[in-house]
Amino acid sequence: ELRQLVDTANAPIFGIDVDGNVNEWNDKTAEITGFSYEEAMSRPLVSTFIVAKLHKSVKEVMDNALKGIETSNYELEFSTKSNEICYLLVNA
């Protein structure tokens, strides 16, 4: 039930493990980025999907989140499969 809720949510839901690799990627995230679940899973989120100019700051936000330090309304710039930029407002 929870799996279906996450997969079919009308909002992008993605997650990373302690090493920064994608471990969650729902249907909406796939639709927005163009990368399927299979293409995204286990890949490093920052170096694979985030625009280069934000690598350092996004890594810091993700590291803080893994330590329990929250960041609200942080704008991520994702590189899509078609090499476009999409903006996602996230809470980490």
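For the structure itself, look to the data block above.
Nothing here was measured: the structure is a model prediction, and the numbers come from that model.

Conventions used here
- Residues numbered from 1 in each chain as written.
- Predicted model: local features only at pLDDT ≥ 70, side-chain atom pairs only at ≥ 80, totals over all residues.
- Heavy atoms only, no water.
- Helix = DSSP H or I, 4+ residues; strand = E, 2+ residues; numbered from the N terminus.
- Rg over C-alpha atoms; globule rule 2.2 N^0.38 Å.
- Buried < 20%, exposed > 50% of the residue type's maximum accessible area, 1.4 Å probe, protein only.
- Contact = heavy atoms within 4.5 Å.
- Areas by Shrake-Rupley, 256 points an atom, 1.4 Å probe, with all protein chains shown as cover.
- Pairing = 2+ DSSP bridges.
- Core = buried A, V, L, I, M, F, W, Y, C linked by side-chain atoms within 4.5 Å.
- Expected span 1.5 Å × (residues − 1).
- Arc of directions from axis to C-beta.
- Phe/Tyr/Trp six-rings, centres within 6.5 Å; stacked < 30°, edge-to-face > 60°.

Student: Where do I start with the overall build of the protein in this structure?
Tutor: Helix and strand content of the protein: five helices and four strands. Secondary structure of the protein in N-to-C order comes out as α-β-β-α-α-α-α-β-β. For the protein, the C-alpha radius of gyration of 12 Å lies close to 12 Å, the compact-globule estimate for 92 residues. Viewed in the frame of its principal axes, the protein has a C-alpha envelope of about 30 × 30 × 25 Å. For the protein, the residues scored as buried account for 37% of the 92 residues in total. Long-range pairs, those at least 24 residues apart, make up 30% of the contacts in the protein between residues at least 6 apart in sequence. Accessible surface, the protein: about 5800 Å² in total, of which carbon and sulfur atoms supply 50%.

Student: What should I look at first to understand the pairing of strand S4 (residues 85–90) in this one?
Tutor: Sheet faces and side chains relate simply in a regular strand, where the side chains alternate between the two faces. What you see with S4 is a clean split: Cys86, Leu88 and Val90 sit on the buried side and Ile85, Tyr87 and Leu89 on the side with no burial. Note that strand S3 (residues 74–79) and S4 share six bridges and pair antiparallel. The partner of glutamate 75 across the bridge, within S4, is leucine 89.

Student: Would you mind going over the nonpolar core with me for this structure?
Tutor: Soluble, globular proteins show a tendency: their nonpolar side chains are buried together. Counting 22 residues, the largest nonpolar core has Phe14, Trp25, Leu45, Phe49, Val58, Leu76 and Phe78 as its most contacted members. The set of elements that each furnish at least two residues to this core consists of strand S1 (14–16), strand S2 (22–25), helix H4 (45–49), helix H5 (55–66), S3 and S4. If sequence neighbours within four positions are ignored, leucine 45 has contacts with Phe14, Ile16, Gly20, Asn21, Val22, Trp25, Ile50, Met62 and Phe78.

Student: Got a minute to help me understand H5 in this structure?
Tutor: For an α-helix, 3.6 residues make a turn, and residues three or four places apart therefore share a direction. For H5, which comprises 12 residues, the first-to-last C-alpha distance of 16 Å matches the rise-based estimate of 16 Å (1.5 Å per residue) to within 8%. Regarding H5, the residues found buried are Val58, Val61 and Met62. Buried residues of H5, seen end-on, are gathered within an arc of 95° and therefore sit on one face of the element. Where the residues of H5 are buried, they touch S1, H4 and S3. The positive-phi residue at the C-terminal boundary of H5 is glycine 68, with phi of around 90°.

Student: Even after reading the chapter, I still don't get the packing of aromatic side chains, so can you show me in this structure?
Tutor: What characterises a pair of aromatic rings is the spacing of the ring centres plus the angle enclosed by the ring planes. Under the defined criterion, the tally for this structure stands at five aromatic pairs. Each ring, one from phenylalanine 14 and one from tryptophan 25, has its centre 6.3 Å from the other, and the planes form 55°; the classification is tilted. Of the two residues, phenylalanine 14 sits in strand S1 while tryptophan 25 sits in strand S2, which places them 11 residues apart along the sequence. Residue classification places tryptophan 25 among the buried residues on the basis of a relative accessible area of 1%. Ring geometry for phenylalanine 14 and phenylalanine 78: centres 5.3 Å apart, planes at 75°, overall edge-to-face. On the criterion of sequence distance, the pair formed by phenylalanine 14 in strand S1 and phenylalanine 78 in strand S3 is long-range, its members being 64 residues apart. You can call phenylalanine 78 buried: its relative accessible area is 0%. Counting every residue linked through ring pairs, the aromatic cluster contains Phe14, Trp25, Phe35, Phe49 and Phe78.

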